[in-house]
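Architecture and fold: a report
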Amino acid sequence: GLRPFVHGGASLVTTDGNVEFLRDLATRPHTFHPDSQELEPNAPTFLVVEDVLSLSEGLNEVQIFDLGEESHHTDEYLVFFFPSQGILCVGDLTVVPKAGRTRPPNSRELGLKAFVERVGLEVETLVVSWRLEDQEVAIPYEDFLAIFPE
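Quick look at the structure, then. (Residues numbered from 1 in each chain as written. Predicted model: local features only at pLDDT ≥ 70, side-chain atom pairs only at ≥ 80, totals over all residues. Heavy atoms only, no water.)

**Topic: the overall build of the protein chain**
Under the convention used in this document: For helices the rule is a DSSP run of H or I covering at least 4 residues; for strands it is a run of E covering at least 2, with both sets numbered from the N terminus onward. Burial classification: accessible surface area is computed with a 1.4 Å probe over protein chains only, and a residue below 20% of its type maximum counts as buried, one above 50% as exposed, and the rest as partly exposed. Contacts between residues were defined by any pair of non-hydrogen atoms, one from each residue, lying within 4.5 Å. Methods summary: accessible areas were calculated by the Shrake-Rupley approach with a probe of 1.4 Å, and residue burial reflects only the protein chains presented. Counted as positive: Lys and Arg. Counted as negative: Asp and Glu. His and the chain ends are not counted at all. Every charge is mapped onto a representative atom, which is NZ of Lys, CZ of Arg, CG of Asp or CD of Glu.
A tally of regular secondary structure across the protein chain gives five helices and eight strands. In the protein chain, the order of α-helices and β-strands from amino to carboxyl end is α-β-α-α-β-β-β-β-β-α-β-β-α. C-alpha atoms of the protein chain, sized along the principal axes, occupy 60 × 35 × 25 Å. Looking at the protein chain residue by residue over its 150 residues, the buried ones come to 35%. The long-range share in the protein chain, meaning contacts at least 24 apart out of those at least 6 apart in sequence, stands at 51%. When the accessible area of the protein chain is evaluated, it comes to approximately 9,300 Å², of which 54% is carbon and sulfur surface. Separation between the mean location of the 10 positive side-chain charges and that of the 26 negative ones in the protein chain comes to 6 Å.

Here it is as structure tokens:
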């Protein structure tokens, strides 16, 4: 859960619409089975992604984008791009079946493609973190682009 991270002093990366919900989760009483956050409470800190938030350490960088309604899924939707590696991590904006594609692109996939083109990301690999059992976790971005008619 989130509470051990808050207790440990981690900043929570989220969108503005989630701040109060996450604050409530982090500060809600846990008196039946007290956890470290209950026994020694820390106030949560937030890094709010409004459009893009870049975090780096040395040569490593991640750019966190809020696709918002462009995701065609939710009002706020974070994706993570690692520019040095060309890796774009998304949750459930696409389905990459192991057996091959049998349907045209859906609105989420159209939105993801439009976002990548609009922002100008140089994506080499697409990673899907919210996948079904028979889905690939990572695919070459060119394989993702192949689902779109010319």
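**Focus: the layout of surface pockets**
Under the convention used in this document: A 1.4 Å probe that fits but cannot get out identifies a cavity on a 1 Å grid over protein atoms alone, an open set with protein on both sides within 12 Å along at least five of seven lines counts as a pocket, and a residue lines either if it has an atom within 4 Å of a point. Grid points are joined across faces, edges and corners, and a volume is the space filled by probe spheres set on the points. Under this grouping Gly is polar, as are all residues other than the nonpolar Ala, Val, Leu, Ile, Met, Phe, Trp, Tyr, Cys and Pro and the charged Asp, Glu, Lys and Arg.
Its volume calculated, the largest pocket comes out at about 280 Å³. Tyr77, Leu78, Phe80, Val90 and Gly91 are the residues nearest the centre of the largest pocket, which is lined by 15 residues in total. Where the lining of the largest pocket is concerned, the elements lending two or more residues are strand 1 (11–14), strand 5 (78–82) and strand 6 (87–90). Taken together, the residues that form the lining of the largest pocket break down as seven nonpolar, six polar and two charged.

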